Structures are given as C-alpha cells and as structure tokens.
Amino acid sequence: MFELFGNNSGTSPLNEYVQLYNGSYYRKSSETFHDKYNLLRNSSQVPFQVCNTFKYSPADWTLYELQKYEYTLENKTCNDLYRSLFRNEVLIYMKTEKRPQKRVKWIVHTDGSITSLGCTKHTHDCEPGSFYDYERQMRIDTPPCCRHKIMEILERVSNHLNEYNVSYMVVGGFVISYVRSKEILHSDEDVDMFIDTHHWQTDIFRNKMNELTKEFGYYQNWRMSDKKSMAVKYSKLNWNGLGMWDYTIDSKKIFRVVTHAPSYKADTMVPPFLVSMNNVVTKMPHKPEAYLDKTYGPGRWEHELDCKKKDRKKCA
C-alpha cells in the first residue's frame with residue numbers, strides 16, 4: 001500500500017493550500033489569469049508523500065510547497081524523491097507512454113500560485129490519461145493541468161453556442177462526471193460534444209472556430225473529408241481538448257451522429273439542458289441516465305473505476 005514518509009511537523013495543513021489555490025492565479029507562460037475550475041482534489045481524497053518542505057501527490061502529479069526546498073532540511077528519502085520528480089524520463093509503469101516526462105506537472109506555491117511544468121502549448125498532451133500504478137497500488141489520474149486545458153476550451157466553445165442558443169450537448173465521460181459528482185472526472189483526458197447540424201453547417205460556426213483558433217493559438221483539425229467531425233486542441237503538439245460531431249434527427253425521431261453508434265431516441269437527447277460543471281456553463285443530453293445506459297450499458301457507468309484494466313487507453 002501507499003506509504004507516507006518524512007517528518008512534516010511544523011507545517012501547515014494541506015487544506016490551507018487547497019483553499020489558497022481556489023482563489024489563486026495560474027501561471028501560464030508570462031501571463032496570469034484567474035483559475036476558476038478547481039481541479040485539485042481535497043486532501044482527504046488522495047494519499048500524499050509528505051516531507052518537511054513539500055508534499056507530493058502522485059495521483060495528481062502535483063507538488064505542494066510547504067516552504068522553500070532546502071537539501072539540508074530533508075532526509076535522504078525525501079531528497080531522492082525531490083530530485084526524481086524533475087527528471088525527464090520514460091516512466092516505466094506507464095506502459096502506453098514512451099515519451100520522457102517529469103513526474104510533477106503542477107507546483108502549488110505557498111502563496112497559492114501555480115507553475116505548470118508539463119501542460120503547455122509546447123508539451124505533449126497527457127496521452128495515457130488515468131492508469132494504475134502497481135508499485136504504489138493506486139490509480140494515477142490525468143494531470144489537473146491537462147484537465148484545465150480541456151475546461152478552458154470547453155468554456156469558450158460553450159459560450160459561443162450558448163450565445164446563439166444552439167442545440168448541443170457534451171457526451172461520453174463528461175455526462176458520467178455530471179451524474180456522479182457534478183465535477184469533471186479526474187480520469188478525463190478530453191471532452192466530446194454533439195452539435196445540431198443546422199448550426200454546424202453555418203458560416204457563423206466555422207468563423208467562430210477560426211477566431212478561437214487564431215486568438216488563443218489552438219489547433220483545429222477536421223477529421224473527415226465530409227466535414228462532419230472536427231477537433232479543437234490546445235495546440236498542434238498538445239492534443240488535450242474538445243472533439244465535436246454534428247447530429248441529425250430523422251423523420252422517425254431517431255437521433256444520429258455520423259461514425260457514432262448507437263443511435264438514440266430523440267427524446268433521450270433533446271432538448272438539452274444547461275448545467276454548471278466546474279464553473280463552466282454547458283449543456284447535457286435531456287435524459288442523462290438514459291443516454292448513459294444506452295451508451296455504456298446499465299450498471300457499467302455508475303461507479304468509479306480503478307483503471308487496473310485499459311480498453312483503447314480508457315479505464316475499463
């Protein structure tokens with residue numbers, strides 16, 4: 001089982017840092033902007049490796065500074081841990097991932113600010129998503145910095161669609177997130193969205209996607225020659241982001257999405273309704289539970305999985 005080690009006497013409780021984080025600023029290159037998505041978990045929900053000057057959460061890829069790190073203040077175990085977190089290496093327990101990377105993606109400073117080390121426009125996306133670390137006997141989640149990029153793109157696209165009163169909905173794991181906890185799953189590595197074909201085919205939609213791509217440096221990728229599917233990614237290198245498909249409803253009231261199975265009864269999906277997820281206002285299918293039963297099967301989506309098994313790089 002996971003072992004806490006090191007002497008943390010005299011340090012502040014972790015919830016102080018979580019509270020600071022919730023009202024803090026996130027460092028992105030030379031810019032700062034208010035981070036409202038609250039993607040770090042409460043300290044009671046995840047084990048930590050605890051030392052005198054820092055705490056490390058393997059599940060969240062996050063290091064919390066308790067004070068300025070100094071070699072002389074730590075024992076050998078903590079010093080070895082600290083050095084290992086900042087090495088670029090292929091992590092052998094991530095069997096699907098061969099790119100060298102650091103074990104820490106976010107540093108939460110004592111003033112609540114955050115430095116990102118692994119989720120920028122110049123780093124690769126968090127390809128493996130969640131996986132099970134057999135050495136620590138625990139699930140490792142998608143880094144919060146990568147989930148942050150997903151939420152940022154979702155918010156900007158949803159704002160546009162809400163402004164024009166478009167019928168759209170987030171689907172897949174994001175619906176599971178809503179039904180379970182009203183918060184993004186810690187295993188999510190992307191978001192999928194269905195958009196009414198009547199808006200999809202307009203210049204307004206195409207122009208808006210081009211504006212977002214240009215203004216924020218996103219990468220836009222049309223996946224099919226018939227333009228029925230596209231993705232908005234954080235950058236050409238970092239593919240965390242949003243996948244979109246247009247949907248139609250036929251004369252028999254069947255809701256269909258090209259390349260997607262199954263089809264749905266129209267009243268399962270529309271009209272969608274507004275929800276707030278991690279402070280992002282977006283839309284859900286009309287009957288979320290019925291959608292999930294049809295998509296995943298009854299009894300196969302209600303409970304959180306530990307990711308000991310993987311199916312197409314997803315928790316199974």
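Residues numbered from 1 in each chain as written. Predicted model: local features only at pLDDT ≥ 70, side-chain atom pairs only at ≥ 80, totals over all residues. Heavy atoms only, no water.

Okay, the overall build of the protein next. Within the protein, the secondary structure is distributed over eight helices and 20 strands. Put simply, the protein has 316 residues, and 50% of those count as buried. When the accessible area of the protein is evaluated, it comes to approximately 15,300 Å², of which 49% is carbon and sulfur surface. (Helix = DSSP H or I, 4+ residues; strand = E, 2+ residues; numbered from the N terminus. Buried < 20%, exposed > 50% of the residue type's maximum accessible area, 1.4 Å probe, protein only. Areas by Shrake-Rupley, 256 points an atom, 1.4 Å probe, with all protein chains shown as cover.)

In this section: helix 8 (residues 288-296). Residues Pro 288, Tyr 291 and Leu 292 constitute the buried set of helix 8. Taken around the axis of helix 8, the buried residues stretch over an arc of 95°, which confines them to a single face. Positive backbone phi, approximately 100°, marks Gly 297, located one or two places after helix 8. (Arc of directions from axis to C-beta.)

Attention now goes to the environment of Val 50. On the secondary structure map, Val 50 appears in strand 3 (residues 49-50). Along the sequence, Val 50 and Leu 66 sit 16 residues apart, while their C-alpha atoms lie 9.9 Å from each other.

What follows covers the pattern of salt bridges. Oppositely charged side chains can form a pair if their charged atoms are brought close together. One pass over the structure, following the stated rule, counts eight salt bridges. A salt bridge links Asp 80 to Lys 76; its shortest N-O distance comes to 2.7 Å. Of this pair, Asp 80 and Lys 76 are both found in helix 2 (residues 76-85), four residues apart, which corresponds to roughly one turn of the helix. Owing to a relative accessible area of 29%, Asp 80 belongs among the partly exposed residues under this scheme. Looking at Lys 76, the relative accessible area reads 62%, which means it is exposed. With its nearest N and O atoms 3.8 Å apart, the salt bridge here joins Asp 267 to Lys 287. Of the two residues, Asp 267 sits in helix 7 (residues 266-269) while Lys 287 sits in the loop between strand 18 (280-284) and helix 8, which places them 20 residues apart along the sequence. Take Asp 267: its relative accessible area is 41%, and that puts it in the partly exposed class. Using a relative accessible area of 37% as the deciding quantity, one classes Lys 287 as partly exposed. Sharing partners across several salt bridges, the network here consists of Lys 76, Asp 80 and Arg 83. (Salt bridge = Lys/Arg side-chain N within 4 Å of Asp/Glu carboxyl O.)

Our next topic: the packing of helix 3 (residues 144-163) against helix 6 (residues 203-216). Interaxial distance between helix 3 and helix 6 falls to 11 Å at its minimum, and their mutual angle equals 150°. It follows that helix 3 is roughly antiparallel to helix 6 by the angle criterion. In the packing of helix 3 onto helix 6, the handedness of the crossing is right-handed. Touching Arg 156, Val 157, His 160 and Leu 161 of helix 3 are Ile 204, Phe 205, Lys 208, Met 209, Leu 212 and Phe 216, all from helix 6. When its residues are assigned to classes, the contact of helix 3 with helix 6 shows seven nonpolar, one polar and two charged. (Axes fitted to C-alpha atoms, helices over the stretch in contact; angles between N-to-C directions. Parallel < 35°, antiparallel > 145°, perpendicular 65-115°, else oblique. Left-handed = near helix turned anticlockwise from the far one by under 90°. Contact = heavy atoms within 4.5 Å. Nonpolar A, V, L, I, M, F, W, Y, C, P; charged D, E, K, R; others polar.)

Moving on: helix 6. Taking 1.5 Å as the rise per residue, helix 6 with 14 residues should run 20 Å; its terminal C-alpha atoms sit 20 Å apart, in good agreement. Taken together, the buried positions of helix 6 are Phe 205, Met 209, Leu 212 and Thr 213. End-on view of helix 6: buried residues confined to an arc of 95°, all on one side of the axis. Pointing more than 90 degrees away from the buried face of helix 6 are the exposed residues Asp 203, Lys 214 and Glu 215. Packed against the buried residues of helix 6 are helix 3, strand 11 (191-196), helix 5 (197-200), strand 12 (219-222), strand 13 (229-233) and strand 14 (241-249). Gly 217 sits one or two residues past helix 6 and shows a positive phi near 75°. (Expected span 1.5 Å × (residues − 1).)

Let's shift gears to the nonpolar core. In terms of nonpolar packing, the biggest core is built from 46 residues, with Met 193 and Met 244 touching the most fellow members. With residues up to four places along the chain from it excluded, the contact list for Met 244 reads Val 157, Met 193, Ile 195, Trp 200, Phe 205, Met 209, Lys 228, Ser 229, Met 230 and Val 232. (Core = buried A, V, L, I, M, F, W, Y, C linked by side-chain atoms within 4.5 Å.)

In strand 10 (residues 168-171), alternate side chains face the same way, and those of Tyr 168 and Val 170 on one face and Met 169 and Val 171 on the other are all buried. Across four bridges, strand 10 lies against strand 11 in antiparallel orientation. Bridging from a neighbouring strand, Tyr 168 pairs with Ile 195 of strand 11. (Pairing = 2+ DSSP bridges.)

Turning to the packing of aromatic side chains, a few remarks are in order. In this structure the tally under the stated criterion is 16 aromatic pairs. Pairing Phe 194 with Trp 245 gives two aromatic rings, centres 6.5 Å apart and planes at 85°, and the pair type is edge-to-face. A residue pair is termed long-range when its members are at least 10 positions apart, and Phe 194 in strand 11 and Trp 245 in strand 14 qualify at 51 residues. Of the residues examined, Phe 194 reaches a relative accessible area of 1% and is grouped as buried. Among the aromatic residues, those joined into a ring-pair cluster are Phe 194, Trp 245, Tyr 247, Phe 255, Tyr 264 and Tyr 291. In this structure, Arg 156 packs its charged tip against the face of Phe 216, placed 3.6 Å from the ring centre. Seen from the ring of Tyr 178, Lys 182 lies directly overhead, with NZ or CZ sitting 4.6 Å from the centre. (Phe/Tyr/Trp six-rings, centres within 6.5 Å; stacked < 30°, edge-to-face > 60°. Lys NZ or Arg CZ within 6 Å of the ring centre and 35° of its normal.)

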